[in-house]
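# Per-entry structural report
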Amino acid sequence: MDPSSPIRRRGLLVGAAGAAAGGAVSRWAGRAGPVTAGPGTILRAQTGPVGIGARTVATWSYGGELPGPQLRAVAGGRAHVRLVNDLPAGTTVHWHGIRLENAMDGAPHVTQHPVPPGSSFDYDFAVPDPGTYFFHSHVGTQLDRGLYGTLVVEDPTEPLAYDAEILVVLDDWLDGVTGTPDDALAHLDHAGGDRLLSSPILGGHAGDVAHPYHLVNGRTPDAPVTLAARPGQRVRLRIVNAAADTAYRVALGGHRLRVTHSDGFPVEPVTGDALLIGMGERYDALVTVGDGAFPLVALAEGKNARGFAVLRTAAGAAPPPTVSVPQLNGRLITVADLRATDAVHLPPGPPDRTVTLSLGERPPGYVWTLNGRAHPDVSRTEVHAGQRVRLVLVNDSSMFHPMHLHGHTFQIRPAAGRGARKDTLIIRPLERFTVDLVADNPGEWMVHCHNLFHGERGMMSVLGYAS
Ligand code: C2O
Ligand code: CU
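Definitions and cut-offs
- Residues numbered from 1 in each chain as written.
- Chains lettered and ligands numbered in written order.
- Predicted model: local features only at pLDDT ≥ 70, side-chain atom pairs only at ≥ 80, totals over all residues.
- Heavy atoms only, no water.
- Helix = DSSP H or I, 4+ residues; strand = E, 2+ residues; numbered from the N terminus.
- Buried < 20%, exposed > 50% of the residue type's maximum accessible area, 1.4 Å probe, protein only.
- Contact = heavy atoms within 4.5 Å.
- Areas by Shrake-Rupley, 256 points an atom, 1.4 Å probe, with all protein chains shown as cover.
- Lys, Arg positive; Asp, Glu negative; His and termini not counted.
- Charge placed at Lys NZ, Arg CZ, Asp CG, Glu CD.
- Pairing = 2+ DSSP bridges.
- 1 Å grid on protein atoms, 1.4 Å probe; cavity = no way out; pocket = protein on both sides within 12 Å on 5 of 7 lines; lining within 4 Å.
- Points joined across faces, edges and corners; volume = space filled by probe spheres on them.
- Nonpolar A, V, L, I, M, F, W, Y, C, P; charged D, E, K, R; others polar.
- Salt bridge = Lys/Arg side-chain N within 4 Å of Asp/Glu carboxyl O.
- pLDDT = per-residue confidence, 0-100.
- Polar contact = N/O pair within 3.5 Å; in protein donor to acceptor, adjacent residues only side chain to side chain.
- Arc of directions from axis to C-beta.
- Phe/Tyr/Trp six-rings, centres within 6.5 Å; stacked < 30°, edge-to-face > 60°.

### What to know about the overall build of the protein chain
The helix and strand inventory of the protein chain stands at two helices and 34 strands. Reported as C-alpha extents along the three principal axes, the dimensions of the protein chain are approximately 55 × 50 × 45 Å. For the protein chain, the proportion of its 467 residues judged to be buried stands at 60%. Long-range pairs, those at least 24 residues apart, make up 75% of the contacts in the protein chain with a sequence separation of at least 6. For the protein chain, the accessible surface area stands at approximately 16,000 Å², while carbon and sulfur atoms represent 54% of it. In the protein chain, 40 side chains carry a positive charge and 44 a negative one; their mean positions are 5 Å apart.

### Concerning the sheet that holds strand S25 (residues 368-370)
Pairing in this open sheet of six strands is mixed, and the strands run S25-S24-S27-S32-S29-S30 from one edge to the other. Looking at the sheet topology across the chains shown, the edges are occupied by S25 and strand S30 (421-422).

### With respect to the layout of surface pockets
By volume, the second largest pocket is sized at about 190 Å³. In this structure, the second largest pocket is lined by Pro108, His109, Val110, Pro114, His138, Val139, Gly140, His375, Met446, Gly455, Glu456 and Met460. Residues belonging to the lining of the second largest pocket are distributed by class as follows: six nonpolar, five polar and one charged.

### With respect to the pattern of salt bridges
Scanning the model with the defined rule gives 28 salt bridges in all. The shortest N-O distance in the salt bridge between Asp440 and Arg99 comes to 3.9 Å. Taken together, the residues span a long stretch of sequence, with Asp440 in the loop between strand S32 (432-438) and strand S33 (444-449) and Arg99 in the loop between strand S6 (93-96) and strand S7 (120-126) at a distance of 341 residues. Among the ionic pairs, Asp436 bridges to Arg413, the shortest N-O distance being 2.8 Å.

### A word on the sheet that holds strand S8 (residues 131-137)
With mixed pairing, the five strands of this open sheet are ordered in space as S1-S4-S9-S8-S6. A single partner strand is all that each edge strand has here, and the edge strands are strand S1 (35-36) and S6. Bridge analysis of S8 against strand S9 (residues 148-154) gives six bridges, and the strand direction is antiparallel. Considered in S9, the bridge of Gly131 is made with Val153.

### Points about unusual backbone geometry
With an omega of -10°, the peptide bond running from Leu66 to Pro67 counts as cis. Residues Pro363 and Pro364 are joined by a peptide bond in cis, for which omega reads 10°. Within the secondary structure layout, Pro364 lies in the loop between strand S24 (353-361) and S25. Positive phi is not limited to glycine here, since Asn217 has a value of about 50°. Assessed through its relative accessible area of 2%, Asn217 is described here as buried.

### A look at the confidence of the model for the protein chain
A residue-level look at the protein chain finds 93% of positions with pLDDT of 70 or above and a mean pLDDT of 92. Counting contacts from residues 1-30, a segment whose pLDDT is below 50, to residues more than four positions away or on other chains yields 73 contacts.

### Some points on the side chain of His450
Within the fold, His450 resides in the loop between S33 and helix H2 (452-456). One polar contact links His450 to His96, side chain to side chain, over a distance of 3.2 Å. A distance of 3.4 Å separates polar atoms of two side chains, one belonging to His450 and the other to His136.

### Description of helix H1 (residues 181-191)
All buried positions along H1 are accounted for by Pro181, Ala184, Leu185 and Leu188. Across the axial projection of H1, the buried residues extend over an arc of 100°, all falling on one side. Exposed and facing more than 90 degrees away from the buried side of H1 are His190 and Ala191. Of the surrounding elements, those touching the buried residues of H1 are H2. Just beyond H1, the residue with positive phi is Gly192, at close to 80°.

### Examining the packing of aromatic side chains
According to the stated counting rule, one finds six aromatic pairs in the structure shown. When the centroid spacing of 5.7 Å and the interplanar angle of 65° are considered together, the rings of Trp95 and Tyr123 count as edge-to-face. Taken together, the residues span a long stretch of sequence, with Trp95 in strand S6 and Tyr123 in strand S7 at a distance of 28 residues. When its relative accessible area of 0% is taken as the criterion, Tyr123 is described as buried.

### A few points about the environment of Thr59
Tracing the sequence through the fold places Thr59 in strand S3 (residues 56-62). Taking C-alpha positions, Thr59 is 5.7 Å from Gly48, a pair spaced eleven residues apart along the chain. Ignoring sequence-local partners within four residues, the contact set of Thr59 consists of Gln46, Thr47, Gly48, Val50, Arg145, Gly146, Trp173 and Asp175. For Thr59, the side chain forms a polar contact with the side chain of Asp175, separated by 2.5 Å.

Structure representation (structure tokens):
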């Protein structure tokens, strides 16, 4: 079936009222289903125990759920969410990937002051583009606790045909197990990253922190979540990497994946056995599910560990979490395979402004830099509204960086052909990417590495509009 054909989805209707018809939307096991992000939607940032499968941890979460709520909105409509801060620290919510108005972006000290303990803040914004997004705290190391959830923006004229959808949220976990994320950062300041972690796919060093668990939808592999579908259904997987320090290689045992979207935006479909997803990236993939119980594995790239869930369409024994999944070593889909569809292609043209960002490090300390400077000592890149801006991202460091730009979706410009539209892009050591964007969303926007510890230790900057 041609995924671009105008056949409407069967069995899945999530309207403005937020009602999921036919039970086709898979829920977090035993937890709440999708919620329309409308007036009355409350996101309560709180402390307290959260079950992650193998154990219960003391952490910070939205409403005691992990992942946080599955929010839905409709493209062309608005999202309205009240953040209530019951944490002992200030917090914000960043709506990762959404081209929203600057004041709602949740960037601390850039677009708003952190919301103090005991206070609330109303996030209320238009959502222009359909796709798979997520949201998370943008203060300090809070993302590496449980302060994240998903935001799916429905397309009222969805061109993709599918029967059901399943959200797959990946996360590396340490909070309440080996200490707090702040402890991990203090250790990095002291001792540097874990040099044993290495991956050829990531061009060398694979991460700085060996998180003790990798979670799929908030569960450890030994007590995995079961994702339900029916045999023969065409399922849209919406995969989100909410991890702090881990890229994942994702595969579904016995199946191939047909990637249709990257960071919310459509690509010419590409079929493979596994896909690589960096921190902050999202991929949508179609899969026609067989009859049985199948392992969904997120290999923690270069870390010799995995996240695990079971996709079940029939009765029978579940595969064990250690099951071998040959697809992990089959044809791997990466960003290099992806091309924007005509609908979202930015016509090529000469840039009005070109900005080079060199990604670096400053040994011997744990310091990461952009153009040689470490946040909060950053140079602000200034653009004018209406300009076509070209960013040249050059990795001069020893590690991969998933670079993220707020408020915009750029397009990768390979030497030949066209690349994908993205807001988060893995750049490996010695790699260089040229990406273009249209400066159509005035404000002050963060540009940073989505490795949480790199961002916290300098790799964070601002792209701002001249007033
Ligand atoms: Cu998801 Cu500034 O980040
Ligand atoms: Cu980085």
